[in-house]
Amino acid sequence: MIIGALLILTWLVLLLRYPAKALPISLAAVLGLGLVALWVVWQDSRESSQLARLELRLTYAPDQCPADRALRVTMKNGNKAPLTELRWRVGAYAPGDTVNLAESTYSAPRYRGPGELQPGAEWSDCLPLPPLRSGYRPQTLEFRPEHLQGSFAN
């Protein structure tokens, strides 16, 4: 923090003392930082739009899955690029409610998608249920994927 403050102070002193030499260099540095910021924003919006094109559905399916892994996940990659990695959290909600009933503890399961999912391909698996607040049964809740983080091949 102190080093950053010293650098900014030094830059201001040089800009005030030698404006003819420091101004073009400062403008080039600001232009470079602006280009890097634009590239980061573009990458972030591209990743967000790709994650939005994933169809990810979670259902409580004790009849189709083992008892210890009763959460059925089905995913379809609606992108033109292969999905290489995907992580998410599971939220549990009572119908028509906005309060997340899944406890986010350290021991809660970590959810990951398939290693690689080609464009247009589908994947399904059975995953463990998240720990729920006491008094709630999974058959009365809706499960939703939250906080999706993923990457796609270029």
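Basis of the calculations
Numbers given to residues run from 1 along each chain, matching the order in which its sequence is written. With pLDDT at 70 or above as the cut-off, local features in this predicted model cover only qualifying residues; side-chain atom pairs require 80 or more to be listed or tallied, and sums for whole chains, interfaces and linings still use all residues. Values shown for side chains rest on all heavy atoms present in the structure; no hydrogens or waters enter the calculation. Strands are runs of DSSP state E lasting at least 2 residues, helices are runs of H or I lasting at least 4, and numbering of each runs from the N terminus. We compute the radius of gyration from the C-alpha atoms alone; for a globule the expected value is 2.2 Å times N to the 0.38, where N is the number of residues. Partly exposed residues are those whose accessible area sits between 20% and 50% of the maximum for their type, while under 20% is buried and over 50% is exposed, using a 1.4 Å probe and protein chains only. The criterion used for residue contact is that any of the two residues' heavy atoms lie within 4.5 Å. Two strands qualify as a pair provided DSSP detects at least 2 bridges between them. Note on geometry: axes are lines fitted to C-alpha atoms, helical ones only across the stretch in contact, with angles between N-to-C directions running from 0 to 180 degrees. As a per-residue measure, pLDDT reflects the predictor's confidence and takes values from 0 up to 100. In this text, buried Ala, Val, Leu, Ile, Met, Phe, Trp, Tyr and Cys residues form a nonpolar core when linked through side-chain atoms within 4.5 Å.

A.B. asks: Can you help me understand the overall build of the protein chain in this one?
C.D. replies: Tallying secondary structure elements over the protein chain gives two helices and six strands in all. The N-to-C order of helical and strand elements in the protein chain reads α-α-β-β-β-β-β-β. Its C-alpha atoms give the protein chain a radius of gyration of 24 Å, more than 25% over the compact-globule value 15 Å for 154 residues. In terms of its C-alpha atoms, the protein chain occupies a principal-axis envelope of roughly 75 × 40 × 25 Å. For the protein chain, buried positions account for 28% of its 154 residues. Relative to all contacts within the protein chain whose residues are 6 or more apart in sequence, the contacts with residues 24 or more apart total 69%.

A.B. asks: Hey, could you run me through the pairing of strand S2 (residues 71–77) in this one?
C.D. replies: The side chains of a regular strand alternate between both faces of the sheet. Only one face of S2 is covered, namely the face carrying Leu71, Val73, Met75 and Asn77; the face carrying Arg72, Thr74 and Lys76 is uncovered. Examined bridge by bridge, strand S1 (residues 54–60) and S2 share seven bridges and lie antiparallel to one another. Following the sheet pairing, Tyr60 is matched in S2 by Leu71. Examined bridge by bridge, S2 and strand S5 (residues 122–127) share six bridges and lie antiparallel to one another. Note that in S5 the partner of Leu71 across the bridge is Leu127.

A.B. asks: Explanation requested: the sheet that holds S2 in the structure shown.
C.D. replies: Within a sheet, each strand pairs with its neighbour through backbone hydrogen bonds, oriented either parallel or antiparallel. If you walk across this open sheet you meet the three strands as S1-S2-S5, and the pairing is antiparallel. Two strands close off the open sheet at either side, each with one partner strand: S1 and S5. Each adjacent strand pair in this sheet contributes to an overall mean axis angle of 15°, direction not counted.

A.B. asks: Would you mind going over the confidence of the model for the protein chain with me for this structure?
C.D. replies: The predicted coordinates should not be examined in detail at positions where pLDDT is low. A residue-level look at the protein chain finds 100% of positions with pLDDT of 70 or above and a mean pLDDT of 89. Summarising per-element confidence for the protein chain, the mean pLDDT is lowest in strand S4 (residues 111–112) (87) and highest in S2 (93).

A.B. asks: It is not clear to me how the nonpolar core should be interpreted in this structure. Could you clarify?
C.D. replies: In globular proteins that are soluble, nonpolar side chains generally tend to be buried together. Counting 24 residues, the largest nonpolar core has Met75, Trp88 and Phe143 as its most contacted members. Residue assignment for this core shows that the elements contributing at least two residues are S1, S2, strand S3 (83–93), S5 and strand S6 (142–152). If you tally residues by element for this core, the top one is S3, at five residues.

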